[in-house]
Each structure stands twice: as C-alpha cells, then as structure tokens.
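# Reading the structure
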Amino acid sequence: MLSKFLSYFIPITIYKKNSAYSKSLEVTWNYGELVLDSANTNYSFGSLQRILKKGLKYIGYDRIKKFESILVLGVAGGSVIKTLVNDIQFKGKITGVEIDKEVIQIAKDYFQINEIDNLTLINDDAFEFVLKTTKKYDLIIIDIFQDTSMPNFLFEDFFINRINFLLNINGFILFNTMVLNNTDKERNITYKTKYDTHYSVRMYPKVEEHNELFTIKKLK
C-alpha cells in the first residue's frame, strides 16, 4: 500500500472527521502503522498503545490472562483491546464503553474491532455505565480523554467509590492520566490519597512525555 510506504517519510492522513466530543478525529498512517488521533493527542495505537501496554506489563501478562472479565472505559480505536487479545491472548469477557459514536465507527471501519469475538462494545457515557452495571470485573482500564483534557468526574469520590465497588478482590484498576501542568500534578497526588489500606496504589510518572499511570490493586 502506497500510503503505508510513504508514511515512513511523512504522516499520511486517510480519514478526517469532527464529532460531538472531539474537534477532530484523524486516521493516519504513521511509520507504517495506522493510528487514531484527536486534534492534539494520540487516541489509539501509536504512543497511547505503548503507554497502556506498559501499564499492563506492570500488572503482569500472566496474571491478566487468568482474569475472567475486563472493563475498558474509553475504547477509542481499540488499541488496548488489541493488546489484550493479541499480545496477552486474553480469552475472557471484555466490555468496552465508548461515548463517541463516530469513534466506534472508526474503530470498526479502520481497526476491525468488531471482529473480536470476546468483546462487547457499548456506546454509552462511562459515568452512566458504571452507575447502571451490576457486573463485577477483574480489571478496569480507565482511558478517558477529550483531546488533551480529562473529565473532572474521574477524580471525584463518587466515581472512584463506584469503580472500587465494581472491582473484584485481587483485581486491578489501570488508570491513564495526562499531566500537562502543576495543577494536573497536584490533582494526581490528591487522587492517590483517596485509597485506604484496602488498596495497593502505584503511580508511574513520565510514561512517554505527558502521561502518568496508576495501577491499583484491591486487597480486600
């Protein structure tokens, strides 16, 4: 494919669309790889896939492979789901929640996410979904951005407590955050203090340039 070949020299955008939640969504060939970007950041594959793959490695591929159920809040193009299925060979149930219909369509058309048999893809607001669901999960991946900003509810007690309730004992939360300034740094420091001795919290700063990862294990 010519676009793929040329992308080793210059990024080649093959699809671009605005959506209700993103100023711009672009599917681009970049160094031979198809990626999904917003106006100012990578949404799927590319650097984001590297970031979340590191987080999954921190938890441990062998451990994840034994889990039965995984919840992904913020699917975008589905790069973390592809990592779970292709790299880890996870065979359990994956539930993916994505608020943006346009993003879901892109994930199907360009990244074939609908071909993953053990994935249930749901078009819903993550906050609304976690309020409604009665299921529990062994791993909850939170990767929610609107371009470079993160919704405030992700850091609020009500949402945190609800996510903790949905997590099985010995399960993990993998939370990807963006840190662009001192306010974001302080926000993350405060977030870490919201977990008591029932949880083991680790923070991994400077994963890529602007991302900070949390892994949180529910001990009891």
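Computed from a predicted model, the values in this text were never measured in an experiment.

## Some words on the environment of Leu-73
Locating Leu-73 in the fold gives a position in strand S5 (residues 69-73). In this structure Leu-73 comes out as buried when scored by relative accessible area, which is 0%. Note: C-alpha distance between Leu-73 and Asp-143 (70 residues apart in sequence) is 6.0 Å. Those residues in contact with Leu-73 that sit more than four places away from it in its chain are Val-97, Ala-126, Phe-129, Val-130, Ile-140, Ile-141, Ile-142, Asp-143, Ile-144, Phe-159 and Ile-163.

## Details of the layout of surface pockets
Its boundaries defined by the atoms lining it, the largest pocket holds a volume of some 310 Å³. Forming the walls of the largest pocket are 21 residues, and the residues nearest its centre are Gly-74, Glu-98, Ile-99, Ile-144 and Phe-145. In terms of residue class, the lining of the largest pocket is built from 13 nonpolar, three polar and five charged.

## Examining the pairing of strand S3 (residues 33-37)
Burial of S3 is extensive: four of the five residues sit out of reach of the surface. Both strand S2 (residues 25-30) and S3 contribute to a ladder of five bridges, which runs antiparallel. Along S3, the bridge assignment pairs Thr-28 with Val-35.

## Focus on unusual backbone geometry
Positioned with a positive phi, Gln-89 is a non-glycine residue whose angle comes to about 60°. Structurally, Gln-89 is set in the loop between helix H4 (79-87) and strand S6 (93-98). In this model, Asn-170 sits at a positive phi of 70°, which is unusual for a non-glycine residue. For Asn-170, the location among the structural elements is in strand S9 (residues 167-178). Relative accessible area serves as the criterion here: at 44%, Asn-170 is assigned to the partly exposed category.

## Focus on the packing of aromatic side chains
Aromatic rings considered in pairs are described by the distance between their centres and by the relative angle of their planes. Summed over all chains, the structure comprises twelve aromatic pairs. With 5.4 Å between their ring centres and 70° between their planes, Phe-127 and Phe-153 make a pair best called edge-to-face. Here the residue Phe-127 occupies a position in helix H6 (residues 126-132), and Phe-153 occupies one in the loop between strand S8 (137-142) and helix H7 (157-166), the gap between them amounting to 26 residues. Plain terms: the ring middles of Phe-127 and Phe-159 are 6.3 Å apart, the flat faces sit at 20° to each other, and that makes the pair stacked.

## Focus: the nonpolar core
Counting 29 residues, the largest nonpolar core has Leu-73, Ile-140, Ile-142, Leu-154 and Phe-175 as the members making the most contacts within it. Ignoring any residue separated from it by four or fewer positions in sequence, one finds Ile-140 in contact with Leu-71, Leu-73, Ile-163, Leu-166, Leu-167, Phe-172, Ile-173 and Leu-174. Ile-51, Leu-119, Tyr-204 and Leu-213 belong to the second-largest nonpolar core, a separate cluster that totals 25 residues.

## Overview of empty space enclosed by the protein
For the structure shown, the criterion picks out one cavity of 30 Å³ or more. If you add up the space inside the largest cavity, you get close to 40 Å³. For the largest cavity, the full set of lining residues is Ile-142, Leu-154, Phe-159, Ile-160, Ile-163, Phe-175, Tyr-191 and Tyr-195. With three residues, the top contributor of residues to the lining of the largest cavity is H7. Here the lining of the largest cavity is built from residues that sort into eight nonpolar, no polar and no charged.

## A word on the environment of Asn-164
Mapping Asn-164 onto the fold places it in helix H7. Linking Asn-164 and Ile-59, residues 105 residues apart in sequence, is a C-alpha distance of 17 Å. Every residue in contact with Asn-164, bar those within four places of it in the chain, is listed here: Ile-173, Tyr-195, Tyr-199 and Lys-218.

What counts and what doesn't
- Residues numbered from 1 in each chain as written.
- Predicted model: local features only at pLDDT ≥ 70, side-chain atom pairs only at ≥ 80, totals over all residues.
- Heavy atoms only, no water.
- Helix = DSSP H or I, 4+ residues; strand = E, 2+ residues; numbered from the N terminus.
- Buried < 20%, exposed > 50% of the residue type's maximum accessible area, 1.4 Å probe, protein only.
- Contact = heavy atoms within 4.5 Å.
- 1 Å grid on protein atoms, 1.4 Å probe; cavity = no way out; pocket = protein on both sides within 12 Å on 5 of 7 lines; lining within 4 Å.
- Points joined across faces, edges and corners; volume = space filled by probe spheres on them.
- Nonpolar A, V, L, I, M, F, W, Y, C, P; charged D, E, K, R; others polar.
- Pairing = 2+ DSSP bridges.
- Phe/Tyr/Trp six-rings, centres within 6.5 Å; stacked < 30°, edge-to-face > 60°.
- Core = buried A, V, L, I, M, F, W, Y, C linked by side-chain atoms within 4.5 Å.

Don't take any of this as a statement about function, it's just geometry.
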